[in-house]
Amino acid sequence: MSSFSRRKFLKISAATVTVASGAAAFAKAPSAPEKPSKRAAKGIQRIPTYCDICFWKCGAIATVKDGKLWKVEGNPEDPLSRGRLCPRGTGGVGAHFDPDRLRRPLIRRSDRGREEWQEVSWDEAFAYIAKKMHAIKQNYGPEAVALFAHGIGGAFLKHTLKAYGTPNITAPSFAQCRGPRDAGFWLTYGEEVGSPERTDIKNAQCLVLIGSHLGENMHNSQVQEFADAVGNGATIIVADPRFSVAASKAKHYLPIKPGTDLALLLAWMHVLVTEGLYNKEYVAKHGFGFEQFAASLAPYTPEWAYPETGIAPDTIRATAREMARYQPATLVHPGRHSTWYGDDAQRSRAVALLNALLGSWGSKGGFYAPASMDVPGFPYPPYPKSEKGKVDNPGNRYPFAHEPITTGIREATITGKPYPVKGWFVYATNLIQALPNEAETIKAIQNLDLLVVVDVIPNEIAGWADVVLPEAVYLERYDDLNVELFREPFVALRQPVVDAPDDQKPNWWMAKRLAEVMGLGQYYPWKDIEEYLNHRLTAAGLSFDELKAKGIIRGAPQPIFADEGAPLTFDTPSGKIEFFSPQLQAAGFDPVPVYTKHPEPPAGAFRLLFGRAPVHSFSRTQSNRILSDMMAENEVWINEDVAQRLELKSGDYVRLKNQDNVVSLPIRVKATQRIRPDCVYMVHGFGHTARGLKHAFGKGASDSQLITRYATDPLMGGTGMNINFVTLEPEATRG
Ligand SMILES: Nc1nc2c(c(=O)[nH]1)N[C@H]1C(S)=C(S)[C@@H](COP(=O)(O)OP(=O)(O)OC[C@H]3O[C@@H](n4cnc5c(=O)[nH]c(N)nc54)[C@H](O)[C@@H]3O)O[C@H]1N2
Ligand SMILES: Nc1nc2c(c(=O)[nH]1)N[C@H]1C(S)=C(S)[C@@H](COP(=O)(O)OP(=O)(O)OC[C@H]3O[C@@H](n4cnc5c(=O)[nH]c(N)nc54)[C@H](O)[C@@H]3O)O[C@H]1N2
Ligand code: SF4
Ligand SMILES: [Mo]
């Protein structure tokens, strides 16, 4: 094992130890719910399930001692976790014990956003919601209710809302996250990279990370495979304005000027093509429009890219040659959170094209063809057809948006066009923090006749709701099966490990009850979720009892690389990899990516960048006492020389003020040489303002609050959020 992967193991296991004892301490804390479990049995029980602290869905085994949740570990049978959870997953027990949890259904009793509630029964809550939803349907049609639902827990509410008749179902994982990447790869290969990404990181001999900060971005399998690749001696190339954890493992670290990635990508491709280093056989066999593509690269020399990116021509050539040396086992990581500057689908297309030049799509050490189990869905009656169609993308103005656009629904809610939206159902997404420009979100909310929020804690979005429905956390409930697309086929079960402490209910129960109250009971022909799961598994020839006992059932391995016999076909109009895209040309866009400059921060201001911390997920874990113990607040990274000039030092507090005079909560300075002087960086998800979050309230600052501007991607409607500039104001009163 290399020193890196050893360290990584130590780091992960150290976190595990801290967390396990933290959980133990917690279980004894007076604030922890003391209600004994109905399923309480004396002694130790080990119950498999899968994690929900993020969307990776790692297989886990929970240990319950005398009916009380003790710890959660990786399930060794699970290909995603390979028996180890990330620190967030291990700290997931803190979600069950969180004293700030929502406990009972609530109905608003004063103005929206004031967070003043009345506790009601579930029947009262459903009666209220059903009445409003009937009225909206009558006055505006069922399309006027939209569902925002993030994660697998939204599956049954989606079913209920489709049965009600709305096609407007969306999540921030598209227009605020991976949408541009998916569009860029789809336009090039006719397929997306999926989630989990189909990246063969562990076998890559050269791995290029252009803004993917693996190691802070803790998607478990990817981080473990990254450690494998480093351990195998792979060449790591990292382009990031900030010296990330991944950068510290790199042979080549390129401190790129933010917003100029497309220039670097074009220059890399220029070198590969002009020096004849690309995979000629692969391109000849699978490529379409290569001649036009190659011709359009002519101006993008490394010398041209230098003043744009700040990366020296020699470095650009050396790194391009390094990529060529290891092809096709060179993987230019597609990234995930790709909504940066508004031209992101074209940047992602350039990433896709660079991989195509290296022949990595379909190759070991590149992109594999994912496998999955065949588990049929439940045979439901057909949904009513919507006459009006979807509201988020009128006139198909974003022609390559293949999923609904959250911010498009928000816009329709404000303008009433193309038709009014009057109800939002929000499941497991904190829209106040997840969507850019909070003021627009609040404006839309004020236009609603009904806002229902299903959450586990009183997060910001819950504060704006008319009705708040408290959900049981993932350790207390069943969810739908995870039939994953991955290296090998498998199906995983989430099942309850402990009871919910109060009157919290699982999403499937809410979705079914609501459907019944609204007269849509025929869409729920099953009695309870066990019957539903059993039905699906039986149809697939699998045993529910076996899955309950093991948590995971694995299928037979399938070929996943072209040289093992996996088909290498492209679902594009030409049936090939489209180096030149007639689809883009026909829609009036550049058929080959073209570089455009982005405005730079004015003198004295800095570009605001943001990302992940290993121990938190978005804005959902700051209330978790175990995880907040490891990181209670975020910091703002400032270049050390800049800090000195501003007479700031690490540990001082500042407020960030953006171009629209929005001022953040106080945030601690981290003065470091690990970031360029033209930008500052902070971890997303902090700076909570919801009063019910007694523990997380006011700790750190929120990037979302400062993201008042965004650049919309003309191809697919993604919201580029890295275009806000901030100045720093010293804060005398904290520290
Ligand atoms: N400013 C800014 N905005 C961003 C990002 C960023 O980095 N900065 N990142 C973007 C990206 S990449 C993404 S994917 C999105 C993520 O956006 P979201 O998925 O909306 O993430 P969160 O803000 O964490 O909101 C999750 C909500 O679900 C609740 N929750 C947690 N567990 C459960 C559960 O079991 N049941 C229910 N019902 N609720 C639960 C949490 O309490 C929280 O309120 O945000 C995007 N927006
Ligand atoms: N611990 C943890 N892990 C997570 C999550 C989490 O909440 N917590 N969320 C998951 C989700 S849904 C997502 S989408 C991913 C997001 O993670 P990624 O897709 O890896 O990354 P981003 O958040 O877009 O990018 C942040 C990195 O990009 C750099 N960067 C900023 N601007 C530029 C630029 O112009 N050029 C270049 N080259 N780099 C730039 C930043 O310095 C930072 O290192 O993380 C996933 N993993
Ligand atoms: S990556 Fe971590 S938080 Fe996400 S599902 Fe896996 S263990 Fe849970
Ligand atoms: Mo994301």
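Residues numbered from 1 in each chain as written. Chains lettered and ligands numbered in written order. Predicted model: local features only at pLDDT ≥ 70, side-chain atom pairs only at ≥ 80, totals over all residues. Heavy atoms only, no water.

Caption draft 1: Quick peek at helix 8 (residues 261-274). In this model, helix 8 (14 residues) spans 20 Å end to end at C-alpha, consistent with the 20 Å of a helix rising 1.5 Å per residue. The buried count for helix 8 comes to 13 of 14 residues, which makes it a mostly enclosed element. Residue G276 follows helix 8 closely and has a positive phi angle near 65°. (Helix = DSSP H or I, 4+ residues; strand = E, 2+ residues; numbered from the N terminus. Expected span 1.5 Å × (residues − 1). Buried < 20%, exposed > 50% of the residue type's maximum accessible area, 1.4 Å probe, protein only.)

Caption draft 2: How the structure looks around the site of ligand 2. Taken together, 32 residues sit near ligand 2, with D240, D261, H337, A613 and H616 positioned nearest. With respect to ligand 2, the backbone of G211 contributes an N or O atom lying 3.2 Å from an oxygen atom. The separation between an oxygen atom of ligand 2 and a polar side-chain atom of W340 is 3.1 Å. Alone, ligand 2 offers 920 Å² of accessible surface; in the complex the protein occludes 98% of this. Classifying every residue of the shell around ligand 2 gives 15 nonpolar, 10 polar and 7 charged. (Near = heavy atom within 4 Å. Polar contact = N/O pair within 3.5 Å; in protein donor to acceptor, adjacent residues only side chain to side chain. Areas by Shrake-Rupley, 256 points an atom, 1.4 Å probe, with all protein chains shown as cover. Nonpolar A, V, L, I, M, F, W, Y, C, P; charged D, E, K, R; others polar.)

Caption draft 3: Just the sheet that holds strand 6 (residues 145-149), in detail. Here we have 7 strands laid out as an open sheet, ordered 5-4-15-14-13-6-7, and mixed in their pairing. Of all the strands in the sheet, the pair left with one neighbour each is strand 5 (117-119) and strand 7 (169-170). Bridge analysis of strand 13 (residues 423-427) against strand 14 (residues 450-455) gives 5 bridges, and the strand direction is parallel. Its bridge partner being in strand 14, W424 is matched across the sheet by L451. Sitting on the sheet, helix 5 (residues 155-164) is in contact with strand 6, strand 7, strand 13 and strand 14, with an inclination near 165° to strand 6. (Pairing = 2+ DSSP bridges. Contact = heavy atoms within 4.5 Å. Axes fitted to C-alpha atoms, helices over the stretch in contact; angles between N-to-C directions.)

Caption draft 4: Structural view of the site of ligand 1. In the vicinity of ligand 1, 30 residues are found, and the nearest of them are H150, T429, A434, D455 and S619. In this structure, an oxygen atom belonging to ligand 1 sits 2.4 Å away from a side-chain N or O atom of H150. Here a nitrogen atom of ligand 1 sits 3.4 Å away from a polar atom, N or O, in the main chain of Q433. Contact with the protein chains hides 97% of the accessible area of ligand 1, taken as 920 Å² for the molecule alone. Each residue belonging to the shell around ligand 1 can be placed in one class, and the counts come to 13 nonpolar, 10 polar and 7 charged.

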